[in-house]
Amino acid sequence: MGAFDDLLAANEEFSATFTDSELTGTAARGLAVVTCMDSRIDPLGLFGLKAGDAKILRNAGARVTDDVLRTLVLAVYLLGVNRVLVMPHTDCGMSKATDDDVHKLAAERGVDTRSLEFHTVPDQSAALRHDLTRVRTSPFLPEGLAVGGAVYDVRTGKILPVEV
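Novice: Teacher, can you tell me more about the overall build of the protein chain here?
Specialist: In terms of regular secondary structure, the protein chain is built from four helices and five strands. Along the chain direction, N to C, the helices and strands of the protein chain fall in the order α-β-β-α-β-α-α-β-β. Considering only contacts in the protein chain between residues 6 or more positions apart, those separated by 24 or more positions represent 66%. Surface summary for the protein chain: the accessible area is close to 10,200 Å², and the carbon and sulfur share equals 56%.

If you want it as structure tokens, here you go:
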């Protein structure tokens, strides 16, 4: 059995009843959500959204990196996004380690990762405030873009809006 056979089989079932061929690349609800790659987060489901409603940008720690900013610029100018929600979550692995910890773990396996920045999150509130400010003050995004923050609780499924 190949490493991806289970996924290919599941896709056969999915594609047999696929009904979203009419969707375009535009975010129908004008929303982009920056969230973590954590598999406990269902960004469409937790907001009552469906395929085609929003652009979902995921990375470790829900950080607004240069690549996230690049993607937001594309989403705003090409894909109908007019509001951005940055949403980290409770119990995030990125808040439980430092960049140095990750470099050390990789080095123990003979891999030098010192050229990478992992954007670990020692203070999740400070990181979220920083990332919200980064989106709000980006010279590449339009003034007046609605930008909000929230923390998703992986134990309750609730989001806690954050005022910054």
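Next, the rest of the story.
Novice: Explanation requested: helix α4 (residues 124–136) in the structure shown.
Specialist: Residue pairs three or four apart in sequence face the same way in an α-helix, which turns once every 3.6 residues. Compared with the 18 Å implied by 1.5 Å per residue over 13 residues, the 18 Å span of α4 between its first and last C-alpha is a close match. On its buried side, α4 packs onto α2 (66–78), β3 (83–87), β4 (146–152) and β5 (159–162). Where α4 starts, the residue carrying a side-chain oxygen 3.2 Å from the main-chain nitrogen of S125 turns out to be D123.

Novice: I tried to follow the pairing of β5 on my own but got confused; where do I start?
Specialist: In this structure, β4 lies alongside β5, joined through four bridges in antiparallel fashion. Across the sheet, the residue bridging to G149 is V162, located in β5. Connecting β4 to the antiparallel partner β5 that follows it, the hairpin turn spans six residues, and G157 within it adopts a positive phi of roughly 80 degrees.

Novice: Looking at this structure, I do not really get the pattern of salt bridges. What am I missing?
Specialist: Where charged atoms from two side chains of opposite charge come close, those side chains can pair. Within this structure, the stated rule accounts for ten salt bridges. Residue D53 pairs with R29 through a salt bridge whose shortest N-O separation is 3.9 Å. Of the two residues, D53 is situated in the loop between β1 (31–36) and β2 (54–59) and R29 in the loop between α1 (5–16) and β1; the sequence distance between them amounts to 24 residues. Each of D38, R40, D91, K96 and R155 takes part in salt bridges that share partners, so that together they form one network.

Novice: In this structure, what is going on with the nonpolar core? I would like to understand it.
Specialist: Within soluble globular proteins, side chains that are nonpolar generally end up buried alongside one another. Membership of the largest hydrophobic core comes to 20 residues, with the highest contact counts inside it found for L72 and V84. When residues of this core are traced back to their parent elements, those giving at least two are β1, α2, β3, α4 and β4. Take this core: its biggest share by element is five residues, from α2. In this structure, I41, A62, L85 and C92 belong to the second largest nonpolar core, which totals 16 residues.

What counts as what
- Residues numbered from 1 in each chain as written.
- Predicted model: local features only at pLDDT ≥ 70, side-chain atom pairs only at ≥ 80, totals over all residues.
- Heavy atoms only, no water.
- Helix = DSSP H or I, 4+ residues; strand = E, 2+ residues; numbered from the N terminus.
- Contact = heavy atoms within 4.5 Å.
- Areas by Shrake-Rupley, 256 points an atom, 1.4 Å probe, with all protein chains shown as cover.
- Expected span 1.5 Å × (residues − 1).
- Polar contact = N/O pair within 3.5 Å; in protein donor to acceptor, adjacent residues only side chain to side chain.
- Pairing = 2+ DSSP bridges.
- Salt bridge = Lys/Arg side-chain N within 4 Å of Asp/Glu carboxyl O.
- Core = buried A, V, L, I, M, F, W, Y, C linked by side-chain atoms within 4.5 Å.
- Buried < 20%, exposed > 50% of the residue type's maximum accessible area, 1.4 Å probe, protein only.

These values are about where atoms sit, not about what they do.
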